[in-house]
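Understanding the architecture of this molecule
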Amino acid sequence: MADKMELRDVEVWDGNMAASQALRQVQIDVVAAYPITPSTPIVENYGNYLANGYIDGEFVMVESEHAAMSGCIGAAAAGGRVATATSSQGFALMVETLYQASGMRLPIILNVVNRALAAPLNVNGDHSDMYLGRDSGWIQFDAYNPQHAYDLNFIAFRVAEDHEIRLPAMVHQDGFLTSHTAQGVKTMDDDTAYNFVGEFKPMNDMLDLDHPVTHGVQTEEDWHFEHKARQHNDLMTKVFPKIEAAFDAFEKMTGRRYNIVETYKTEDADAVVVCMGTSVETAYEVADELRADGKKVGVIGIRVVRPWPHAQIAEALKGIKAIGALDRSSPNGTFGMLYNELAGTVVNSGEVKVLTNYVYGLGGRDLTKVHLREIYAELLANAEAGKPTTPLQQLIGVRGPKISFH
Amino acid sequence: MSEMKKIKNLKEFSTSADRFEGANLLCPGCAHSIIVREVLNATNDDLILAASTGCLEVCTAVYPYTSWDASWIHIGFENGSTAVAGAEAMYKALKRKGRLKQPDREPKFVAFGGDGASYDIGFQWISGCFERGHNMMYVVLDNEVYANTGGQRSSSTPIGASTTTAPAGRVSYGEKMHKKNMMQIMAAHGSPYVAQVAPNKWKDMVKKIQTGFATEGPVFINAMSACTTEWKFLPEDTIAISDLATDSLVFPLYEIIGGTKLNITYRPKNVIPVKDYLGAQGRFKHLFKPENKHVLDEWQARVDRDWEYLQRREEASV
């Protein structure tokens, strides 16, 4: 065990520092990584902890993100705790291997600092990259601020490494908005943090030389469906209870509560926005202001993107008349991902709801409180009319003529 | 360093395989299985193995079966090298932390890939692993063609071979490019040991594999793997074809130590003409038409030139 690092109860950390401190505290055995903005400081910080003896592990500085995840897969199959970080184009380059990691049931943790995808090249935050991995069989947690980026890493390790789960997990945070913005982060001391996740317990590890294992077999039509069906079934039925249990244990330890679906002032709301990342907390503020004016509005923040929390969202949407799905990625020829996912949930809710899609914040464009006030005004009008009063899809904050689709 | 395995004779050597089963789906006459057995049989050490997507992979790990009685992983077409590098990194980390289950045993890390997975799509990953100096061996099963996908040309395909994507036809003699020289490229990485081997010269091969296992750092082995299906010869002729390759110097056997010092390890008593090797295989059949004589001439000139180069390198001893 490496030297302990003295942390204050509250440190001023950006999201990258928060994530890397979590990787240090869980005593990652191997990091294989390739730098990409804005996630780079996560692995730089890890290198720093190694250089200063605050962690004992192997840092494999590979030649691409594809190799980064390839190395992580080999290391995880060998039998130890593994993590890395990426963004944007790097995430895109990793995508092939993401499916391989989950198909081999390897509990790797990937910190994804969300960023737009080129072209045009853009280093700032939006959620386009994360959707490339949404069907890759990984568990996906979403952090709204540096505190969440810190806490959710521990929860991700605990869930992913559970022998009944054995699936890789991502922790997302917004590029620059979270990754490079320092805030007060409540910390855990090294022992407390490590013990929450515990010692890594290998399963089918290649380095158990007395029990050779074969990883990454071929299956054709005779077995492939069964493998993918089992993986899907485990995601749909086993993961949520494990996440709930991890959230409960984490709350007991720290007092900080997380939920699969974060609801804010939704109980008697007529209209809500559903969103992810930093926009959730902006929406909280606007909802507070509108509530002060007597407007019945609320916010639903998606904490777990995969597996999609259909039942929890359906529960949260009970009685709500108008919903705005806020998507921070280029839909490129359809509705946004959140809209599409929510539509599936709403159709089966048994209630008439008006669901509209707002696309915002591409390539790091701000979502302001003014934007949200306008959105809420439209949603409240929809709620009252019981039907759409505005276009089904609108692009928020784009220069030039208004872009919207009916 | 564990003791090198003593090998007395071919019969004993060939039957000592207990880690790669004869029960696999490789074609009859495929040299892959011979090479893999020769690599695995060369040592008693524990092995952590990887394979890139290719004939070897799809024929030896079809769920629910496996031909491997050593830990083995396959990820994708390009990253067998990096899979083993990751496992090797984990071994180092866990050894230092005192968490290995058998701390007194030192496994060897080996990745296998075909020429497609090595010369082409996986080249970057291998280069990265060698630059970083992982303690591993990379073995190319070089059958000079994308055999697993049905016989497309690779950058290892030699000039004049007819492949599905470089077919010989009325106005074409097949592949136009010369084979990529991976030995020189890998030696230029500063690898402590690179060697070219062929399964017919099994003693030479075992010696090189054992040298490779005894070497600290990344070791590159280019193994000629005659392909009955794509080279078009009878399954029982695999070793005979391999003999023609080594005796015509089409596939010279040599090693490069420390990136520079070159040793030729096999000098045929009677060097045979290249056309004897080419004529034994269907993929070169069209080269014997009068209009393609220039390709045969070019072949022979190229082999002569390369042999001259190797001898001069060896003499220079640098």
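Residues numbered from 1 in each chain as written. Chains lettered and ligands numbered in written order. Predicted model: local features only at pLDDT ≥ 70, side-chain atom pairs only at ≥ 80, totals over all residues. Heavy atoms only, no water.

Section: the sheet that holds strand S2 (residues 30-33) of chain A
Each strand in a sheet pairs with another by means of backbone hydrogen bonds, the pair being arranged parallel or else antiparallel. If you trace the seven strands from one edge of the open sheet to the other, you get S3-S2-S4-S5-S7-S6-S13 (chain A), paired in mixed fashion. Two strands close off the open sheet at either side, each with one partner strand: strand S3 (58-61) and strand S13 (304-306) of chain A. Between one strand axis and the next, the sheet turns by 20 degrees as a mean value, whatever way the strands run. Pairing of S2(A) with S3(A), which is carried by four bridges, proceeds in the parallel orientation. Across the sheet, residue Ala33(A) finds its bridge partner in S3(A), namely Met61(A). Sheet contacts for helix H4 (residues 80-97) of chain B: S2, S3 and strand S4 (82-86) of chain A; angle to S3(A), the most-contacted strand, approximately 160 degrees. (Pairing = 2+ DSSP bridges. Helix = DSSP H or I, 4+ residues; strand = E, 2+ residues; numbered from the N terminus. Axes fitted to C-alpha atoms, helices over the stretch in contact; angles between N-to-C directions. Contact = heavy atoms within 4.5 Å.)

Focus: the environment of Val299(A)
The topology assignment puts Val299(A) in strand S12 (residues 297-302). In this view, Val299(A) contacts Glu262(A), Thr263(A), Tyr264(A), Thr266(A), Val272(A), Val273(A), Cys275(A), Val280(A), Ala283(A), Tyr284(A), Ala287(A) and Tyr376(A); residues no more than four positions away in its chain are not counted.

So, empty space enclosed by the protein
Applying the stated criterion across every chain, the model contains two cavities of 30 Å³ or more. Here the second largest cavity defines a volume of roughly 40 Å³. Lining the second largest cavity we find Leu207(A), Leu209(A), Tyr91(B), Leu100(B), Lys101(B), Gln102(B), Arg105(B) and Pro107(B). Across the lining of the second largest cavity, the residue classes break down as five nonpolar, one polar and two charged. (1 Å grid on protein atoms, 1.4 Å probe; cavity = no way out; pocket = protein on both sides within 12 Å on 5 of 7 lines; lining within 4 Å. Points joined across faces, edges and corners; volume = space filled by probe spheres on them. Nonpolar A, V, L, I, M, F, W, Y, C, P; charged D, E, K, R; others polar.)

Topic: the pairing of strand S8 (residues 219-224) of chain B
All names here are of chain B. Across the six residues of S8, six count as buried, placing the element largely inside the fold. Judged by which residues are buried, S8 turns out to be covered on both faces: Val-219, Ile-221 and Ala-223 on one side and Phe-220, Asn-222 and Met-224 on the other are all buried. Here strand S4 (residues 137-142) pairs with S8 via six bridges, running parallel. Looking at the pairing, Met-137 lines up with Val-219 of S8. Note that the unit made of strand S7 (residues 193-197), helix H8 (residues 202-214) and S8 has a crossover that is right-handed. (Buried < 20%, exposed > 50% of the residue type's maximum accessible area, 1.4 Å probe, protein only. Right-handed = clockwise from strand over helix to strand, strands pointing away.)

A few points about the sheet that holds strand S17 (residues 404-405) of chain A
All names here are of chain A. As summarised here, the arrangement of the seven strands in space is S10-S12-S11-S14-S15-S16-S17, forming an open sheet in which the pairing is mixed. For this open sheet the edge positions go to strand S10 (261-264) and S17, each flanked by a neighbour on one side alone. Bridge analysis of strand S16 (residues 393-395) against S17 gives two bridges, and the strand direction is antiparallel. If you follow Gln-393 over to S17, its bridge partner there is Phe-405.

Quick notes on the domain arrangement of chain A
Residues and elements named next belong to chain A. For chain A, the assigned domains read domain 1 (10-254) and domain 2 (261-405). Domain 1 and domain 2 are separated by 28 Å when their C-alpha centres are compared. In this complex, domain 1 contributes 29 residues to the contact, which on the side of domain 2 involves 28 residues. Area buried by domain 1 at its contact with domain 2 is led by Tyr-131, Tyr-144 and Phe-240, which between them contribute 31% of it. Note that Arg-328 and Asp-174 form a salt bridge whose closest N and O atoms lie 3.8 Å from each other. (Domains from an automatic or database assignment. Buried area = accessible area lost by both parts, 1.4 Å probe. Salt bridge = Lys/Arg side-chain N within 4 Å of Asp/Glu carboxyl O.)

Regarding the side chain of Ser136(A)
Residues and elements named next belong to chain A. Position of Ser-136 among the secondary structure elements: in the loop between helix H5 (128-132) and strand S6 (139-142). From its side chain, Ser-136 meets the backbone oxygen of Gly-133 in a polar contact 2.6 Å long. If near-sequence neighbours (up to four positions away) are discounted, Ser-136 is found in contact with Leu-98, Tyr-99, Ser-102, Met-170 and Gln-231. (Polar contact = N/O pair within 3.5 Å; in protein donor to acceptor, adjacent residues only side chain to side chain.)

Some details on the layout of surface pockets
Of the voids in this model, the largest pocket is the one considered here, and its volume is about 1300 Å³. Lining of the largest pocket is provided by 46 residues; of these, Gly103(A), Met104(A), Gly216(A), Val217(A) and His227(A) occupy positions nearest its centre. Listing elements by their share of the lining of the largest pocket, those giving two or more residues are helix H3 (65-78), helix H4 (88-103), strand S9 (214-215) and helix H8 (224-254) of chain A together with helix H3 (55-60) of chain B. By residue number, the principal contributor to the lining of the largest pocket is H8(A), which donates eight residues. For the lining of the largest pocket, the residue count by class is 18 nonpolar, 17 polar and 11 charged. Taken as a whole, the second largest pocket spans an internal volume of roughly 640 Å³. Lining of the second largest pocket is provided by 31 residues; of these, Asp126(A), Ser128(A), Ser329(A), Ser330(A) and Leu362(A) occupy positions nearest its centre. At the level of elements, H5 and helix H11 (337-347) of chain A are the ones that each hand at least two residues to the lining of the second largest pocket. Of the residues forming the lining of the second largest pocket, the biggest block, three residues, is contributed by H5(A). Partitioning the lining of the second largest pocket into residue classes produces 17 nonpolar, 11 polar and three charged. Among the domains, domain 1 (10-254) and domain 2 (261-405) of chain A are the pair contributing at least three residues each to the lining of the second largest pocket.

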